[in-house]
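# Topology and contacts: notes
Below are the chains, spelled out letter by letter.
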Amino acid sequence: QKEVEQNSGPLSVPEGAIASLNCTYSDRGSQSFFWYRQYSGKSPELIMFIYSNGDKEDGRFTAQLNKASQYVSLLIRDSQPSDSATYLCAVKDKGGSEKLVFGKGTKLTVNP
Amino acid sequence: EAGVAQSPRYKIIEKRQSVAFWCNPISGHATLYWYQQILGQGPKLLIQFQNNGVVDDSQLPKDRFSAERLKGVDSTLKIQPAKLEDSAVYLCASSPSSWWTAGNTIYFGEGSWLTVV
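This write-up is about the structure you can find in this document. Keep in mind that this is a model prediction, so the values were computed, not measured. (Residues numbered from 1 in each chain as written. Chains lettered and ligands numbered in written order. Predicted model: local features only at pLDDT ≥ 70, side-chain atom pairs only at ≥ 80, totals over all residues. Heavy atoms only, no water.)

### Observations regarding the pairing of strand β5 (residues 44–50) of chain B
All names here are of chain B. Rules: Only protein chains enter the calculation, and the probe is 1.4 Å; a residue is then buried if its accessible area is under 20% of its type maximum, exposed if over 50%, and partly exposed in between. Here a helix means four or more residues in a row that DSSP labels H or I, a strand means two or more in a row labelled E, and each is numbered from the N terminus. Note on pairing: two strands pair once DSSP finds at least 2 bridges between them.
Within β5, five of the seven residues are buried, which leaves it mostly tucked inside the rest of the structure. By the bridge criterion, six bridges tie strand β4 (residues 31–37) to β5 in an arrangement that is antiparallel. Bridging across to β5, Tyr35 finds its partner in Leu45. Between β4 and β5, which pair antiparallel and follow one another directly, the connecting turn spans six residues, one of which, Gly40, has a positive phi of 85 degrees. For β5 and strand β6 (residues 53–56), the ladder comprises three bridges, and the chain directions are antiparallel. In the sheet register, Gln50 faces β6, and the bridge partner there is Gly53. If you look at the hairpin formed by β5 and β6, you'll find two residues sitting between the two strands, and Asn51 has a positive phi there, around 55 degrees.

What follows is the structure in structure tokens.
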């Protein structure tokens, strides 16, 4: 069973700080990596995806991928209270499989 | 564009009873997924359909869970008999074929919350 590991947290940061969320995966052949945000009682929503080694920036969010270390991270700059949620790391199986394998999620709280 | 529809949203049943959840995916999406999310955990794939065929049901507890997708559109997930550990949110999701090649994603419904007492 392919595994995706995340620190369950909770992670607490003050408003305006940088929040750093980390994820490791077991299958070296994995090709695509996703970060979902899930507010309490709501369904997951995609916020970032990354396929290549390096950094990918989208507004206040930066995803970082290091395939050699099998490590994915998400940085949230200028954290806002509205960023308080659980962040799920997901990895797509290699090849034609369309399924995503999710980590347990990291609960982030941004304190005003 | 209408999202993934699920019903019922909430259900409370006693152990050993049965329950069924319904899902209507986004129009035109060939792939439909049922995920189980236990409180404090990430979603776990139970079953994946491509049109009306099963692609992956390796983590479906087949002694009590069943699912079908008739005519390649709507899907039903059934649990019979339910156990206490089945208490979870059942998330239906859908996606276009080869969604990752177009920078797309899978889209989740709001979920069906099941409590088994």
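### Overview of the side chain of Lys99 of chain A
Formally: Should any heavy atoms of two residues lie within 4.5 Å, those residues are considered in contact.
You can see Lys99 of chain A is positioned in the loop between β9 (85–92) and β10 (100–102). Residues in contact with Lys99 of chain A, not counting those within four places in the same chain, are Val91, Lys92 and Asp93 of chain A together with Tyr33, Tyr35, Leu45, Gln48 and Asp56 of chain B.

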